[in-house]
There are 4 protein chains.
Amino acid sequence: MNLRDYKTAEDRRKAFEKELGICLENIGATTEEARIENRIGATHVPMGIAGPLNGKYIPLATTEGALVASISRGCKAITGSGGATVSVVKIGATRGPVFKVKNLSENSTLYEFITKNKKTFNVLAQKTSGHITLTDVYTNSVGLYRFVRFTFDTQDAMGMNMVTIATQKIVEFIEKQTGVRCVSLAGNFDVDKKPSWFNVTHGRGFEVWAEAVMPQKVLHDVLKTTAQKMYEVWLAKCMIGSAIAGSMAFNAQFANVIAAVFLATGQDAGHIGECSVGMTTAEMKKDDLYISVYIPDLMVGTVGGGTGLATQKEALSIIGAKNSREFAEVVAGVVLAGEISLLASLSEGTIAKAHQRYGRNR
Amino acid sequence: MNLRDYKTAEDRRKAFEKELGICLENIGATTEEARIENRIGATHVPMGIAGPLNGKYIPLATTEGALVASISRGCKAITGSGGATVSVVKIGATRGPVFKVKNLSENSTLYEFITKNKKTFNVLAQKTSGHITLTDVYTNSVGLYRFVRFTFDTQDAMGMNMVTIATQKIVEFIEKQTGVRCVSLAGNFDVDKKPSWFNVTHGRGFEVWAEAVMPQKVLHDVLKTTAQKMYEVWLAKCMIGSAIAGSMAFNAQFANVIAAVFLATGQDAGHIGECSVGMTTAEMKKDDLYISVYIPDLMVGTVGGGTGLATQKEALSIIGAKNSREFAEVVAGVVLAGEISLLASLSEGTIAKAHQRYGRNR
Amino acid sequence: MNLRDYKTAEDRRKAFEKELGICLENIGATTEEARIENRIGATHVPMGIAGPLNGKYIPLATTEGALVASISRGCKAITGSGGATVSVVKIGATRGPVFKVKNLSENSTLYEFITKNKKTFNVLAQKTSGHITLTDVYTNSVGLYRFVRFTFDTQDAMGMNMVTIATQKIVEFIEKQTGVRCVSLAGNFDVDKKPSWFNVTHGRGFEVWAEAVMPQKVLHDVLKTTAQKMYEVWLAKCMIGSAIAGSMAFNAQFANVIAAVFLATGQDAGHIGECSVGMTTAEMKKDDLYISVYIPDLMVGTVGGGTGLATQKEALSIIGAKNSREFAEVVAGVVLAGEISLLASLSEGTIAKAHQRYGRNR
Amino acid sequence: MNLRDYKTAEDRRKAFEKELGICLENIGATTEEARIENRIGATHVPMGIAGPLNGKYIPLATTEGALVASISRGCKAITGSGGATVSVVKIGATRGPVFKVKNLSENSTLYEFITKNKKTFNVLAQKTSGHITLTDVYTNSVGLYRFVRFTFDTQDAMGMNMVTIATQKIVEFIEKQTGVRCVSLAGNFDVDKKPSWFNVTHGRGFEVWAEAVMPQKVLHDVLKTTAQKMYEVWLAKCMIGSAIAGSMAFNAQFANVIAAVFLATGQDAGHIGECSVGMTTAEMKKDDLYISVYIPDLMVGTVGGGTGLATQKEALSIIGAKNSREFAEVVAGVVLAGEISLLASLSEGTIAKAHQRYGRNR
């Protein structure tokens, strides 16, 4: 059978059903008609709601039982503590091409050309889209390679497509003007979709912080734990455990929460790993608990990519963020809620029970 | 409005539509009735098909245009090269509790207890499930903490729920017998859902390798490139670029491919980051190109968790893997296909064009 | 001038003095006549004494004022607290060759050969020296490469020379028996003289732990600080600061102490970086302070290499360690003393003053 | 015995000899009278000479046989290839205090204060020394902590003492003006004497690059190898081996060379580990070989600290560098020489023999 013989998702699906002797009716039961290649339908990922948190409800798409309940509990604890304080800095999307020079001398010449032409690069970038601005150019070299990291403001889009196209134009200009060849438009200096220290120490997308101070009463009533117990788990797990295991992430577990929000709202699932690298801190304030999360690299948007698909668009409407910055704030809060609930469960020894109750009955 | 007042997804969804003045009809248009909490429906992630690769078709769920086409091209190149060779070693799922001792002396006593009671631990584990076997116990300590990493064979399940419950039983036994307290059932020594060097250097889930040798003709006809060009991009990007950026992943980009396969087949999306850490190697064989991928930590299963959901189950039936090991082999091959196609695009300077063509029209 | 024309250090030194118009009389003022190449004399590194610590005095060679005083203060604090408890596990010296195969299949064959012939490898190793035993063989592969990590017990020698020669013999045997070629006898899988997560997670040389509980009175009288202040600096600096900076070392600063002990006692200065990677932990016990250090990779010996040189031998006689294990214990204690004193200084804000007083007058 | 009872190194040494029944005559045989605490004499580290390289001889202090010979061979190969090209960028010495705030809001206020007062900070710094200039202020925060990295130009001194004293003044000013407390003057955000990704991605001290193109004839006559063999070892060891082992250093081995130059010239031995993290690249130019080294973090000086001691000063006079920048260039060249010779040995399988010949006869 040849996939290219079929024009519609339905034809393709039916051909498969016949060829393989299987039934794909649920995959076909979708209203989604996105133009991906060789489409046969859609995966349905169960969606639940957590919140409210700082006044907003958060849609979560996950196959994992207990996750929505856990995040909901974290939201309740935060709300009971007067809400979360959130701070956001926009860094921007990056693309990092790599050039190949003949020797150190040519490398220095290229360095000067790149650092002196930022304005021109921005003009070139803006010709490719009305929504893009070049905000930073960072470069480093090793041997015959020069790596450049272009950072762009892409308004409310996550922006990887846009910055790829803009960088292509800039690269063509550099090649033409300097005679130096670009080996690869993406040279892992972006660093796109890979956990990396460069992104952690320089930031990417949005840098976000969220914090809450949870009174003893909330810790007791909502989370069934104490400040001391949570602090102890945080220190043993998020700091010492992560350090001894060579983990790049110093948190209880951002990944499930990031994944559920990303899937629900049409963010790029390839970014889940990169965006789950971050740090949680905790501190006892007598019997209350201060707790915070920090995500140095949060690649999100509210327009473009998967955000325009039918169910994803509806999910975004539940949150009702005005723009990508406000959306980043919401993510920061939800990640905080997830950490609070997970650390509380671990501190009370109920995590296995939660898995038993929720995780088993599917 | 109180989420707990609503018994069905439909009631809940309608309440939201009314409360927020929005429409969630597409989220509601699903056959999926998974028992996650506060369910309102499902996210639909477009699904396309790539392949055949080593005789199998691969369902991919993604919101990113160009991805299915890219992987398909990689499959075609591999097939034209005589297929991929794949190798898999099962490590198993891990859970890593952390204990708190009084001093070095008690820490040594605990060490001895743990290393001498592996058989008993396995008996306890097997009481919690007929599908679990304890295969390894690794432990390390720092200060007043002792971290233990229990590794289990969980048959064809990815197994995190199972190993959490089994570890809970083992931990209770250790606490009772030694009087040492467990601070946290999960102490980031697992290391679950975080990119970490421990997982890379010790392995987790499955370790998988895949390789192909692509003749000049395939490189030219299918990939529009040459061995030398691809090799050059690989070295500049995957090795030197990743090294200079402090990336934990030495690949062109496993993450998109891992994400698309995981979403389609009901794997845990929280594992995407952890499983995207791996290495690609390339080597010129005159005008042909040897290329390989290595994933040291691939957490996948064919039963349990999200694999039992309606669309995910159907997607697995497309692949038709006999068990989780065979499924891991398929993932290795698809990741290889993705690397081949992406490196080829970068080597030919067509990556921006692909983004322009496919990425923009949604 | 041709360095090879001169037979003695004196001739060579005088030729240089004449050629460059400089005076090298102090370099010449040495009793050391080690057979290094092109020798002209010796560097004199000032040596001071710290201690006693657990009954032993420790010679420290350093050009940094304040260091000996600081370590001495740490020793005094430990002694006032009843001494340090120390624990040591011998891992052994490692050498990690890399082999090149034709494909995955040959790689598997090589894997089997290597894992099945450990006894033979040990026989070969023992033919090269009466002081060596092969204790472990660990291997991993990627692409066409197979990396092997041979671990040896080298009795009281640090042992890198020995294990290099032994590994050479084993490698020749593997090449002959399997027809697979070794690309490099040292493939950075050792990992020799580079900070690496593999060494941290698998251990190398000796793994050592040391701890002390310091009563409030000692904290006050000797260290002019409190448990809370020291704890606060430890958490902010060693854990959170190191984590946010992508540091591989989670300590206040092992490096100065390691360097000073290594130089004084003839350890290999190339190992200073690798052995300075480790973790410090602290915990308040009401008004007392528990503090510990952990070094996962301590490459030291009491025979061979620089330990046989005149001044180094004398320095070792000051410590009077019976063997390399006991020497490793001493290093653990001194590192603990250094951490205690440095954290105390930082907690009291006197570090700059110490630098001003001691660091400036040379 | 009480160390404080003795006024001179000789008295102290004699007391030790009597107390422990040992002889310390060689330690006493020194002209060095540096004012370190509890001094008893000096360690003599054998010093040899390598070079010339780019017209300069390089003193090396080491206890390891074969090292001087190996570096000399590398120098000869470079000289035969027309010399090394070297490039240096001065970053400066850094000190990284950590402050403790009450909440995110105060953290933002502190951020603004710090970013707006750079000029004032410089004025304060310059009051502490006529040799210091504040060149950069970088800050990041997590939870209740704000980390600041002050970078200074310290002229020809490595400068850690100077920057510590200057930072102390700046910190006192910040505390007084903002009411925020500094937890630790050094918060591991420097990152001083620890291998860290922050230093690699932001640079510290000097960033240096060196390269050479070695003709086939030199490879054959001097190094007994070929371009292809050296390239193969480089790729397998420095890139793939380092990546799979989680090494922070992507080189054959900078550490021995850095250590030998640092010891000979009075650099701070505590910096050896941090400065040995860097990357080597290689590339075949038909039958010739391009090879380069990159050190992102080279903390060196030609005045202050150990550079003023008698033998160290003489060693510096052998090199005859005009200033610290020129000295950094020399280090870059020597490190390149070391890499060339070591990779050549490994490629020819003679490394074990060299160890056997030189390493054993002491």
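Residues numbered from 1 in each chain as written. Chains lettered and ligands numbered in written order. Predicted model: local features only at pLDDT ≥ 70, side-chain atom pairs only at ≥ 80, totals over all residues. Heavy atoms only, no water.

Observations regarding the packing of aromatic side chains
In this structure the tally under the stated criterion is 50 aromatic pairs over all chains. Ring centres of Tyr231(A) and Trp234(A) lie 5.5 Å apart, and the angle between their planes is 45 degrees; on these two criteria the pair is classed as tilted. Taken together, the residues span about one helical turn, with Tyr231(A) and Trp234(A) both in helix H9 (residues 227–244) at a distance of 3 residues. By relative accessible area, Tyr231(A) is classed as buried at 10%. Judged by relative accessible area, which is 0%, Trp234(A) ranks as buried. Ring centres 5.1 Å apart and planes at 15 degrees place the aromatic pair Trp209(D) and Tyr294(D) in the stacked group. Of this pair, Trp209(D) sits in strand E8 (residues 204–214) while Tyr294(D) sits in strand E10 (residues 288–298), and the two are 85 residues apart along the sequence. Assessed through its relative accessible area of 2%, Tyr294(D) is described here as buried. Through a chain of ring-to-ring contacts, three or more aromatic side chains come together here, namely Tyr138(A), Tyr145(A), Phe147(A), Phe189(A) and Phe198(A). (Phe/Tyr/Trp six-rings, centres within 6.5 Å; stacked < 30°, edge-to-face > 60°. Helix = DSSP H or I, 4+ residues; strand = E, 2+ residues; numbered from the N terminus. Buried < 20%, exposed > 50% of the residue type's maximum accessible area, 1.4 Å probe, protein only.)

Topic: helix H1 (residues 9–20) of chain B
The end-to-end C-alpha separation of H1(B) is 16 Å, in line with the 16 Å expected for 12 residues at 1.5 Å each. Of all the residues in H1(B), the buried ones are Ala9(B), Arg12(B), Arg13(B), Ala15(B) and Phe16(B). The buried residues of H1(B) occupy one face: seen down the axis, they fall within an arc of 160 degrees. On its buried face, H1(B) is in contact with strand E1 (39–53), strand E2 (56–61) and helix H12 (310–319) of chain A together with helix H2 (25–28) and strand E1 (39–53) of chain B. In the segment just after H1(B), Gly21(B) is the residue with positive phi, at about 65 degrees. (Expected span 1.5 Å × (residues − 1). Arc of directions from axis to C-beta. Contact = heavy atoms within 4.5 Å.)

Things to note about the pattern of salt bridges
All names here are of chain A. Following the criterion strictly, the structure yields 72 salt bridges over all chains and no others. Of the charged contacts, one joins Lys 285 and Glu 283 as a salt bridge, the two residues approaching to 3.7 Å between their closest N and O atoms. Overall, the relative accessible area of 17% leaves Glu 283 in the buried class. (Salt bridge = Lys/Arg side-chain N within 4 Å of Asp/Glu carboxyl O.)

Quick word on the domain arrangement of chain A
All names here are of chain A. Per the domain assignment, the segments of chain A are domain 1 (3–89 + 196–358) and domain 2 (97–184). Taking only C-alpha atoms, the centre of domain 1 and the centre of domain 2 are 33 Å apart. At the junction of the two partners, domain 1 supplies 14 residues and domain 2 supplies 7 residues. For the domain 1 face of the interface with domain 2, the top three residues by lost area are Phe 198, Met 299 and Val 303, together amounting to 37%. The interface formed by domain 1 and domain 2 includes 0 salt bridges. (Domains from an automatic or database assignment. Buried area = accessible area lost by both parts, 1.4 Å probe.)

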